[in-house]
Amino acid sequence: MNLLDRTPAEAASAVERWLADRGEPTYRSRQILPRLWQRPVVTWRDATDLPQTLRAALDEEHPLPRPAMAARQVSTDGTVKFLWDFPEGGAVESVLIPEGTRRTLCISSQAGCAYGCTFCATGRMGFIRHLATWEIVAQVREMAFDPDIGLPSNVVFMGMGEPLHNWDAVDRALTVLNDPQGMGIGARHITVSTVSLIPKLEKLAARPEQFRVALSLHAPTGARRQLLMPVERKYPLKDVLEVLQRFPRRVTFEYVMIRGVNDRPQDAAELARHARALGAMVNLLPLHPGGAPGMEATAPADIERFAQLLRDRGVNATVRRSRGLDISAACGQLRTQVDQGNGIVSQKDAGIEE
Ligand code: SAH
Ligand code: SF4
């Protein structure tokens, strides 16, 4: 059984049952369980506080699966991009972004993405597969084994994939990431970024923990949003905003700035209206051209002017700095080339093909 695919509570009962069946004392579970997430081991062999026979039995019956690190690239700005290859096939990326004392890990929830936003490199890959809970958590857990990195302080679901499309696995991954018996990362330090699939958004919002929600908005009206995000046809912006209105939860709007598309003063006014209605913060993301052939980022001075228009209307607006651009590690640039047999052929700089 793959204990890493369970929640901490489920893993605890599975381990306790297993120990009882083997006639082992129950206190062993208190030595075994922390080795899953709190003080993780690569294999049970490394859990040297356990007797050798027990370690061998654990390796035999509850092996700890790991992704292979297919690539690790360090940017000149300190951003680190990882490419993971899972035993089940499918390759995904995660990106570590150090900033002062905060170290944010941007993780993937799917290989590829089904939602086809026009500006996004992952969207152009199409959908490959959902990641399992353990594969989502592994991207964080593996950091403990990297001597230069260590565990992140913050986790954001802003890598590849639409987390709410893979809700069952993401729901459980949130539990493992947050639970003190799991990775123990505070809920306020975990952000789920989503285009907002309404039924799943309601489930996320109904969880008692204060996970952060980032709504990928990108255009202030449904009609204009639909041109960038096909999901608008199924889950219209006005309905999404109405759902968020019902949940007293701080949200952030993400708004990618595309020249001549969504950056007019009138767009800022409309966006400000939505933000004020929800008390939402707005994060302006300069478009990363790697994701979007034929589109250009709004010029930095114009982004600043747009942000000022929001602030003038009482909205807390920030402009996100582009990180890791030299290694194509920025949002919307993540794309992995995978061959027919699911082996990784190469990792292309998104946009080079077009
Ligand atoms: N599927 C989720 C999470 C992954 S994308 C979502 O869409 O929210 C994470 C963020 O990167 C989203 O806000 C997305 O809109 C943004 N993004 C995608 N392509 C981008 C690009 N080319 N430039 C800048 N941001 C981009
Ligand atoms: Fe998928 Fe998010 Fe990219 Fe849209 S922006 S295609 S939802 S990963």
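Structure: above.
Quantities reported herein were computed from a predicted structural model and do not represent experimental measurements. (Residues numbered from 1 in each chain as written. Chains lettered and ligands numbered in written order. Predicted model: local features only at pLDDT ≥ 70, side-chain atom pairs only at ≥ 80, totals over all residues. Heavy atoms only, no water.)

**Thoughts on the environment of Ala 169**
Considering the arrangement of structural elements, one finds Ala 169 in helix α6 (residues 167-178). Assessed through its relative accessible area of 10%, Ala 169 is described here as buried. In this structure, the C-alpha to C-alpha distance between Ala 169 and Pro 67, residues 102 residues apart in sequence, is 17 Å. Setting aside its immediate chain neighbours within four residues, Ala 169 contacts Leu 131, Ala 132, Thr 133 and Ile 136. (Helix = DSSP H or I, 4+ residues; strand = E, 2+ residues; numbered from the N terminus. Buried < 20%, exposed > 50% of the residue type's maximum accessible area, 1.4 Å probe, protein only. Contact = heavy atoms within 4.5 Å.)

**A closer look at unusual backbone geometry**
Glycine aside, residues mostly have negative phi angles, and peptide bonds mostly take the trans form. Backbone geometry at Ser 196 places phi at a positive 85°, although glycine is not the residue there. Structurally, the position occupied by Ser 196 is in the loop between β8 (190-194) and α7 (198-206). The phi dihedral of His 218 is positive, around 70°, even though this residue is not glycine. You can see His 218 is positioned in the loop between β9 (212-216) and α8 (222-228). His 218 gets classed as buried once you look at its relative accessible area, which sits at 5%.

**Here we look at the packing of aromatic side chains**
Under the definition given, this model contains three aromatic pairs. Plain terms: the ring middles of Phe 82 and Trp 84 are 5.5 Å apart, the flat faces sit at 5° to each other, and that makes the pair stacked. Residue Phe 82 shares its accessibility class with Trp 84, and that shared class is buried. Each ring, one from Tyr 255 and one from Phe 306, has its centre 5.6 Å from the other, and the planes form 25°; the classification is stacked. Of this pair, Tyr 255 sits in strand β10 (residues 251-257) while Phe 306 sits in helix α11 (residues 300-312), and the two are 51 residues apart along the sequence. For Tyr 255, a relative accessible area of 0% gives the class buried. (Phe/Tyr/Trp six-rings, centres within 6.5 Å; stacked < 30°, edge-to-face > 60°.)

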